[in-house]
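These are the residues of each chain, in order.
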Amino acid sequence: MFATLPVTALRTFEAAARLRSFKLAAVELAVTATAVSHQVKALERHVGVALFERVPRGVRLTDAGGRLFARVHGALLDVAQTLDDLRPAPASGALTVSTTHSFAALWLVPRLGRFYEAHPQYQLRLNASAESVDLLQDASVDVAVRYSRRQYPGLHAACTLQEWFGVYGAPALVARQGRRAPALVTVRWRDSLLYEQGWRDWCEAAGLPAWRRPAAEHAYDEEHYALQAAIAGQGLVLASSVMVSDSVDAGTLVACRPQVRVAGAAYTALCAPGRERHPPVKAFLAWLGREFEAQA
């Protein structure tokens, strides 16, 4: 019986059902949306019933799909918990934290001194990368701080820091704008339509004319590079309140129209179920939760 189970298709189905999207499932599984669709169709042929209904903004589970998802999702959680229980306990005084380069450089590292002061017995290794770590498979990483609007079923979510977006620049540059609409010469740190939509939303909230991509634009791939460029007076930057907080406190960046805010996503501290009980991880998550509360 087990030899005939379509294990890959079941895992693909679970991701698509949980995220309500073939595209998001494809991103999570590092495959194409077409591959997700093929796996789902294969599973539907295997069971002989439709599992999804296509809707304008994704997919919706049928009654049969809902029944299957409840069982498959629960089974995968049980497997993940068992794997976590089987792993050897990590080194008693060490923990590894994974996050993005920007969050590490602009927010976490400047605050880590307070963690070391409170917990000198623990050693923290920072793993900064643009790639997401599979916390259920990679036992070398204890905690991941991820940036997203979505939830993380199957993982322990310890604390969350919500952000919003505003426009910032060097004090002298913002002062020259006066009461006129700010010149949209930007330091670009986000590519594609998300970046453009953020500027459109900000301009609409500020009551300004519709945003158009400026002719003069300085583009940077990493957020911390862009903020350094903005501090140097190269232009205005559309930036996360989390990422600019220290620069604003230091007076090297100021908000242009500080009352105008655009909703953003959130930074969430995650770990594999059960890992939060390990003393260094428990201490780090408690400290991080306090830092998040102070930032909010």
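The structure under discussion appears in the preceding block.
Caption draft 1: Spotlight on the packing of aromatic side chains. For the structure on display, the rule yields 11 aromatic pairs. Plain terms: the ring middles of Phe115 and Phe284 are 5.5 Å apart, the flat faces sit at 85° to each other, and that makes the pair edge-to-face. Placement of the pair is Phe115 in helix 5 (residues 101–118) and Phe284 in helix 10 (residues 279–295), with a sequence separation of 169 residues. With relative accessibility at 0%, the residue Phe115 sits in the buried group. By relative accessible area, which is 0% here, Phe284 ends up buried. Note on Trp199 and Trp202: the rings are 5.9 Å apart at their centroids and 80° apart in plane angle, and the pair reads as edge-to-face.

Caption draft 2: Structural detail: the pairing of strand 5 (residues 143–148). Most of strand 5 is tucked away, with 5 of its 6 residues classed as buried. Here strand 3 (residues 94–99) pairs with strand 5 via 2 bridges, running parallel. Note on strand 5: the bridge partner recorded for Val97 is Val143. Across 5 bridges, strand 5 lies against strand 11 (residues 262–271) in antiparallel orientation. Paired with Ser148 across the two strands is Ala266, which belongs to strand 11.

Caption draft 3: The arrangement of the packing of helix 1 (residues 7–19) against helix 2 (residues 22–29) in detail. For the pair helix 1 and helix 2, interaxial distance at closest approach is 8 Å and the crossing angle is 125°. When the axis of helix 1 is compared with that of helix 2, the two are oblique. In this structure, helix 1 crosses over helix 2, and the sense of that crossing is right-handed. On helix 2, the residues that touch Arg11, Thr12, Ala15, Ala16, Arg18 and Leu19 of helix 1 are Phe22, Leu24, Ala25, Glu28 and Leu29. Each residue belonging to the contact of helix 1 with helix 2 can be placed in one class, and the counts come to 7 nonpolar, 1 polar and 3 charged.

Caption draft 4: Quick look at empty space enclosed by the protein. Tallying each qualifying case throughout the model produces 1 cavity of 30 Å³ or more. Space inside the largest cavity adds up to approximately 30 Å³. Lining the largest cavity are Trp164, Gly166, Val167, Tyr168, Trp202, Ala255, Cys256, Arg257, Pro258 and Val260. Listed by contribution, the elements that provide at least two residues to the lining of the largest cavity are strand 6 (156–169) and strand 10 (254–256). Per element, the largest residue contribution to the lining of the largest cavity is 4 residues, and it comes from strand 6. Its residues assigned to classes, the lining of the largest cavity comprises 8 nonpolar, 1 polar and 1 charged.

Caption draft 5: How the structure looks around the nonpolar core. Formed by 33 residues in total, the largest nonpolar core has its most connected members in Phe103, Trp107, Leu108, Phe284 and Leu288. Take this core: its biggest share by element is 7 residues, from helix 10. Once you skip the residues sitting within four places of it in the chain, Leu288 turns out to touch Trp107, Leu108, Val145, Cys159 and Ala269.

Caption draft 6: Up close: the side chain of Ser37. Among the structural elements, Ser37 can be located in helix 3 (residues 33–47). Residue Ser37 is classed as buried on the basis of its relative accessible area of 15%. When near neighbours in sequence (up to four residues on either side) are disregarded, Ser37 contacts Phe22 and Arg54.

Caption draft 7: Local environment of helix 10. Here helix 10 spans 24 Å end to end across 17 residues, near enough to the 24 Å set by a 1.5 Å rise per residue. For helix 10, the full list of buried residues reads Pro280, Val281, Ala283, Phe284, Leu285, Trp287, Leu288, Gly289, Glu291 and Phe292. Buried residues along helix 10 sit in contact with strand 3, helix 5, strand 4 (123–128), strand 5, strand 6 and strand 11.

Caption draft 8: Here's a closer look at the layout of surface pockets. A volume near 200 Å³ is recorded for the second largest pocket. Residue lining of the second largest pocket: Leu161, Gln162, Trp164, Tyr168, Ser241, Val242, Val244, Ser245, Val248, Asp249, Gln295 and Ala296, and that is the complete set. Only strand 6 and helix 9 (241–250) provide two or more residues apiece to the lining of the second largest pocket. Among the elements that take part in the lining of the second largest pocket, helix 9 stands out by supplying 6 residues, more than any other. Of the residues assigned to the lining of the second largest pocket, the class counts are 7 nonpolar, 4 polar and 1 charged.

Caption draft 9: Quick look at the pattern of salt bridges. Tallied over the entire structure, the rule returns 6 salt bridges. Two residues, Glu53 and Arg60, come together in a salt bridge whose shortest N-O distance is 3.1 Å. Residue class for Arg60 comes out partly exposed when judged on its relative accessible area of 47%. Between Asp246 and Arg111 there is a salt bridge, with its nearest N and O atoms 2.9 Å apart. Here Arg111 lies in helix 5 and Asp246 lies in helix 9, a separation of 135 residues in the sequence. Taken together, the shared-partner salt bridges in this structure form one network comprising Glu14, Arg18 and Glu28.

How each quantity is defined
Residues numbered from 1 in each chain as written. Predicted model: local features only at pLDDT ≥ 70, side-chain atom pairs only at ≥ 80, totals over all residues. Heavy atoms only, no water. Phe/Tyr/Trp six-rings, centres within 6.5 Å; stacked < 30°, edge-to-face > 60°. Helix = DSSP H or I, 4+ residues; strand = E, 2+ residues; numbered from the N terminus. Buried < 20%, exposed > 50% of the residue type's maximum accessible area, 1.4 Å probe, protein only. Pairing = 2+ DSSP bridges. Axes fitted to C-alpha atoms, helices over the stretch in contact; angles between N-to-C directions. Parallel < 35°, antiparallel > 145°, perpendicular 65-115°, else oblique. Left-handed = near helix turned anticlockwise from the far one by under 90°. Contact = heavy atoms within 4.5 Å. Nonpolar A, V, L, I, M, F, W, Y, C, P; charged D, E, K, R; others polar. 1 Å grid on protein atoms, 1.4 Å probe; cavity = no way out; pocket = protein on both sides within 12 Å on 5 of 7 lines; lining within 4 Å. Points joined across faces, edges and corners; volume = space filled by probe spheres on them. Core = buried A, V, L, I, M, F, W, Y, C linked by side-chain atoms within 4.5 Å. Expected span 1.5 Å × (residues − 1). Salt bridge = Lys/Arg side-chain N within 4 Å of Asp/Glu carboxyl O.

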